[in-house]
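# Summary of the model geometry
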Amino acid sequence: MQRRDRVIIDISIAALGGIAVLFASLTWYLWRGSFTAEEALVGDLATSLGERTEAMMLDTRALLAGFDTLPGPRCTPAHLNALQDAAMGRPQIRAIGYWRAAERQCGVGFLQTNALKPARADRIYDSGVIAWWPGPQTEVGGVQLFLMRYGDHDVAIDPRGLLDVGPLEGRQVGLWVEKLRLASEPANADLPSPESLKVGLTLDRKNGRAISRYSRGGELPIDLVATEPIGTFWSRYAPTLVVGSGIGLVLAAAWLFALMRYTRHRLSLASMLRNALTAQRVHAVYQPVIELSTGRCVGAEALARWTLEGGASVSPESFVPVAELTGQTTELALAVLRVTLADLGDLLRASPGLSVNLNLSADELKSERFADVLDAELARQGLKQGAITLELTERALISTDSARTMIGRLRQRGHRVALDDFGTGYSSLAYLSDFELDLIKIDRLFVHSIGTEAATSHVITHVIEMARSLGLRTVAEGVETEAQREWLKAQGVDYGQGWIFSKPLSAGEFAAFVRRGVAA
């Protein structure tokens, strides 16, 4: 064999060896990437459930502590209404009871007469709180409840709502608080205790399953354990690993791209929004509403904003349609309501003429839940219903007769109701006369056409006349120029919004904006 041939063979062997090492390294890297992705997926789930559970436990403890300070005699309508109001905004609460010694005297919820009286408490805290974890002794109607008592009151909580984890795809999930199992999905899930597992992901080949355990510290120690068939785990990652290790760096790069797509799919915008609402990461900015005839600020429109933990913002044009598609509009509206009342409660109490507009969808008109929580939150802040004006889109009005009925009830309670983006949908004079409304908001499309030759420039005059014939006040959106403001004022439009008056403001900026103007 010639020396050249031997050198070629040696180089080829070295190259093959190098490629083998590279592929082995790539396979290990891809395997570690898969492992890390699964850990991150379950870790994010654990963080979300941990925050939700800790918030529920602390809120319940504070709730119970406040019940014993309620004024007046017990079991009266006023006392029971106070208990009902406290439970209204907490869907996990199934019952609240008042006890005298060992006898339940009265309560609200699903345990009106046959109250639970477990023999042995699972935890007795130094603060005086007594807790019973879900188990046979707390079971009612096939549901094992979590009970907490402090002083003369107790609450019964359905822990199943804590594990709203979406499609499980063969996965079982369990939640432990202080080493006691609080909830699982499914309810009869066969899960190992957290103490028997290391933190992170473990492949239990003997029993054919992948097990994840994650712990969360804080005021309450919380553990999450999730299992899934090991075949599901392998089917999710093994084909990609084989392709990546067998074809090379190009396909490895493609695999990494697919993994990123997969991760983004699993942690979709919808689930991120659900987590943001649970963690109270949705806030609001306020677009002032100006009375055109006087220049006074008479209120603002609360606009939802969502900022990610890293500081990046998600546009409302992105997350509002997702909320509508996934049925989260009510939770979004309630989140904006609560943050608005927290931001502007003092200002609204000091200026009774101010009103903040809250945007609603059709879902909020389908049941009493939103209206009841709205009343409870206003009562808690000591505000009248007139402090919140409700903005509805035309799509909300065309739903069913229930929308018409709910609008009437909301107006009877003292809320003003506005029709948003008027003129862009199905509106007509006959159509509007079927609904009880107070205001029409003229869409910015028509405002921007003022003084132009566009066909829409003539429509706005008819819109204003239509509103006047129905006895409705008008609000012009998107006012940007002095010419537009003067034209709208001359036409008798009542209010305006837009950048000529102010950009959307933070709560502090809006309060300062109001104080600089004429008090409403």
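The following refers to the structure shown. (Residues numbered from 1 in each chain as written. Predicted model: local features only at pLDDT ≥ 70, side-chain atom pairs only at ≥ 80, totals over all residues. Heavy atoms only, no water.)

### Things to note about the nonpolar core
Judged by nonpolar contacts, the single largest core of 74 residues is most densely connected at Ile388, Leu488 and Phe510. It is helix α7 (residues 329-350) that provides the largest number of residues to this core, a total of 11 residues. If we skip the residues at most four places from it in the chain, Phe510 touches Tyr286, Pro288, Cys297, Gly299, Ala300, Leu344, Leu347 and Leu505. With 29 residues, the next largest nonpolar core counts Leu49, Leu83, Met148 and Leu162 among its residues. (Core = buried A, V, L, I, M, F, W, Y, C linked by side-chain atoms within 4.5 Å. Buried < 20%, exposed > 50% of the residue type's maximum accessible area, 1.4 Å probe, protein only. Helix = DSSP H or I, 4+ residues; strand = E, 2+ residues; numbered from the N terminus. Contact = heavy atoms within 4.5 Å.)

### As for unusual backbone geometry
A cis amide bond links Glu185 to the next residue, Pro186, at an omega of 0°. Position of Pro186 relative to the elements: it lies in the loop between β10 (180-185) and β11 (200-204). Non-glycine residue Cys75 carries a positive phi angle of around 65°. Tracing the chain through its elements places Cys75 in the loop between α1 (3-67) and α2 (77-88). The exposure class assigned to Cys75 is partly exposed, which follows from its relative accessible area of 30%. With a phi close to 55°, Glu178 is a non-glycine residue in the positive phi region.

### As for the sheet that holds strand β8 (residues 153-157)
Here 6 strands make up an open sheet; going across it, the order is β2-β1-β8-β7-β4-β3 and the pairing antiparallel. A strand with exactly one partner marks an edge of an open sheet, and here the two such strands are β2 (103-109) and β3 (123-124). Sheet analysis places strand β4 (residues 130-132) next to strand β7 (residues 146-150), joined by 3 bridges and oriented antiparallel. The partner of Ala131 across the bridge, within β7, is Met148. (Pairing = 2+ DSSP bridges.)

### With respect to the sheet that holds strand β12 (residues 209-216)
Pairing is antiparallel across the open sheet formed by 5 strands, whose spatial order is β10-β9-β13-β12-β11. With partners counted over all chains shown, the strands left at the sheet margins are β10 and β11, one partner each. Taking each pair of neighbouring strands and ignoring which way they run, the sheet shows an average axis angle of 20°. Taken together, the 8 bridges between β12 and strand β13 (residues 222-229) define a ladder with antiparallel strand orientation. If you follow Arg213 over to β13, its bridge partner there is Val225. (Axes fitted to C-alpha atoms, helices over the stretch in contact; angles between N-to-C directions.)

### Focus: empty space enclosed by the protein
For the coordinates displayed, the defined rule picks out 4 cavities of 30 Å³ or more. Here the largest cavity is characterised by a volume of approximately 90 Å³. Lining the largest cavity we find Val289, Val298, Gly299, Ser355, Asn357, Thr389, Arg416, Ala418, Leu439, Val475 and Tyr495. Looking at the lining of the largest cavity, the elements that each hand over two or more residues are β15 (297-307) and β17 (355-360). Considered class by class, the residues forming the lining of the largest cavity number 6 nonpolar, 4 polar and 1 charged. Its volume calculated, the second largest cavity comes out at about 60 Å³. Forming the boundary of the second largest cavity are 11 residues, of which Ala95, Arg104, Leu111, Asp154 and Ala156 lie nearest the centre. Secondary-structure elements contributing two or more residues to the lining of the second largest cavity are β1 (93-100) and β8. (1 Å grid on protein atoms, 1.4 Å probe; cavity = no way out; pocket = protein on both sides within 12 Å on 5 of 7 lines; lining within 4 Å. Points joined across faces, edges and corners; volume = space filled by probe spheres on them. Nonpolar A, V, L, I, M, F, W, Y, C, P; charged D, E, K, R; others polar.)

### Some details on the packing of aromatic side chains
Evaluation of the coordinates by the stated rule reveals 3 aromatic pairs. With a centroid separation of 5.2 Å and 80° between ring planes, the pair formed by Trp133 and Phe146 is classed as edge-to-face. With a gap of 13 residues between them, Trp133 in the loop between β4 and β5 (139-140) and Phe146 in strand β7 connect regions that are remote in the sequence. Considered together, Trp133 and Phe146 belong to a single accessibility category, that of buried residues. Residues Trp306 and Phe319 carry aromatic rings whose centres are separated by 5.8 Å and whose planes lie at 80° to one another, so their mutual orientation is edge-to-face. In this pair, Trp306 sits in strand β15 while Phe319 sits in helix α6 (residues 316-325), placing the two residues 13 residues apart along the sequence. (Phe/Tyr/Trp six-rings, centres within 6.5 Å; stacked < 30°, edge-to-face > 60°.)

### Here's the deal with the state of the cysteines
Counting across every chain of the model gives 1 disulfide. Across the disulfide from Cys75 sits Cys106; the S-S distance is 2.0 Å. Disulfide Cys75 to Cys106: torsion about the S-S bond roughly -90°, handedness left-handed. Residue Cys75 is located in the loop between α1 and α2, and its partner Cys106 is located in strand β2; the two are separated by 31 residues in the primary sequence. For Cys106, a relative accessible area of 11% gives the class buried. (Disulfide = S-S within 2.5 Å.)

### A look at the pairing of strand β19 (residues 417-422)
For β19, the buried fraction is high: 5 of the 6 residues fall into the buried class. Inspection of the sheet shows strand β18 (residues 388-392) paired to β19 by 3 bridges, in the parallel sense. By the bridge assignment, Leu392 is partnered in β19 with Leu419. Looking at chain direction, β19 and strand β20 (residues 439-442) are connected through 3 bridges and run parallel. In the sheet register, Phe422 faces β20, and the bridge partner there is Ile442.

Geometry only, nothing functional implied.
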